[in-house]
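# Structure at a glance
The chain contents come next:
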Amino acid sequence: MTGRERMMATLQGLPTDRRPMLLTSSLYGARLSGRTLAEHYRSPDAYVEGQAAVVETFRPDAVLAPFCLTAEAESFGSRVRFHENQPPTLQLPAAGTPEEVAALPIPDCNTHPRLLYLRESVRMLASRYHAERCVAMPALSPVDLPALLLGAEGWLDTLFFDHENAKRILDVTARFFIDWANALFRDGADFLVLPIVFANPAVVTPSVAKHIALPALRQAFQEIAGPLVIHHAGSPMLPLLPYLGDIPHIAAVAVDETDTLQAIRRTIPDTMAILAGP
């Protein structure tokens, strides 16, 4: 089997000749290719050169499009800081209040330069590797993007204490997510990797997860055109998993090192794959 066949079979619950391997290799590419991170996170050519070095060195079954979630926030007007030894980080959110976030215009996926950097990287990776490997694209879910538009503390306060504005914000980010996800699938992404934080009962209250965050995910995910991998983002996944069974297009969960794989398997549908590290 090719790496592509192996990975797609796993996401569909089909047999494979061995377990597929996917590395969180976005940052590795810059080191292996000798590019600065300023180039790596601005130039599709530089990024794809780095992934070519990753493929040559590690032979993964999938290549990773830029793990640069702040680029989505930049498209809404957030300011980010570039670094010499780590991905860009949030410097200044796009808005200072929930009302301002809810009023932000939705960026155009076809024209914004930071979104075009990500899309062109996906296109180039797909053109180069689709015959042999999948293209995995990290992206922000509708419930996590607001943390980069308002700040994590401000978004948590809104989720806990201002449910009306939380739902208004989620209407905005869900509309963006649907357009963004479908554009990425058209460009050649085989699946999206979504770190889910603000729908996880390990982070927010079970009430917020059940009545605000998860309904927003369920509604948005119904309108996309490809498979999703839900990533732990540093939090235990087990509290979240009982809520995911009826949410469409979730093909796999990438679990935290503290999660017990047997408990994970008992909690999720048999058709949902588990991605785990050594």
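Now for a look at the structure at hand. Bear in mind the structure is a predicted one, so any value in this text is a computation, not a measurement. In every chain, residue numbers begin from 1 and rise along the written sequence. Totals for whole chains, interfaces and linings use all residues, but because this is a predicted model, local features are given only for residues with pLDDT of at least 70 and pairs of side-chain atoms are given and counted only at 80 or more. To obtain the side-chain values, all non-hydrogen atoms of the structure were included, while hydrogens and water were left out.

This next bit is on the environment of S141. The way it works is that DSSP assigns letters per residue, a run of H or I at least four long becomes a helix, a run of E at least two long becomes a strand, and they are numbered from the N terminus. Here S141 is to be found in the loop between β4 (134–138) and α8 (147–150). On the basis of relative accessible area, S141 is assigned to the buried category, the value being 1%. On a C-alpha basis, the gap between S141 and F176 in space is 9.8 Å, while along the polypeptide they are 35 residues apart. Whether two residues touch is decided by their heavy atoms; if any such pair falls within 4.5 Å, the residues are in contact. Dropping the residues within four chain positions of it, S141 is found in contact with F177, L194, P195, I196 and L217. Here's how the labels work: a residue is buried when its accessible area is under 20% of the maximum for its type, exposed when over 50%, partly exposed in between, all with a 1.4 Å probe on protein chains only.

A word on helix α7 (residues 113–129). To estimate the expected span of a helix, subtract one from its residue number and multiply by 1.5 Å. For α7, with 17 residues, the first-to-last C-alpha span of 24 Å sits near the 24 Å given by 1.5 Å per residue. Within α7, burial applies to R114, L115, Y117, L118, R119, S121, V122, L125, A126 and Y129. Buried-residue contacts for α7 involve α3 (37–40), α4 (44–58), β1 (62–64), α5 (70–76), β4 and α10 (163–187).

This part is about the side chain of R6. Counting through the fold element by element, R6 comes out in helix α1 (residues 3–11). Accessibility expressed as a relative area gives 5% for R6, which makes it buried. Ignoring anything within four residues of it in the chain, the contact list for R6 reads M1, T16, D17, R18, R19, P20 and D61.

Here we come to the packing of helix α9 (residues 152–161) against α10. Only the contacting stretch of a helix is used when fitting its axis, a line to C-alpha atoms as for every element, and angles between N-to-C directions run 0 to 180 degrees. Interaxial distance between α9 and α10 falls to 6 Å at its minimum, and their mutual angle equals 120°. With respect to α10, the element α9 is oriented oblique. The chirality of how α9 crosses α10 is left-handed. Residues W155, T158, L159, F160 and F161 of α9 form the contact with α10, whose own contacting residues are H163, N165, A166, I169 and L170. Reported orientations rely on four angle classes, namely roughly parallel under 35 degrees, roughly antiparallel over 145, roughly perpendicular from 65 to 115, and oblique for the rest. Two helices that cross are described as forming a left-handed crossing if the nearer one is turned anticlockwise from the farther one by less than a right angle, and a right-handed crossing if clockwise.

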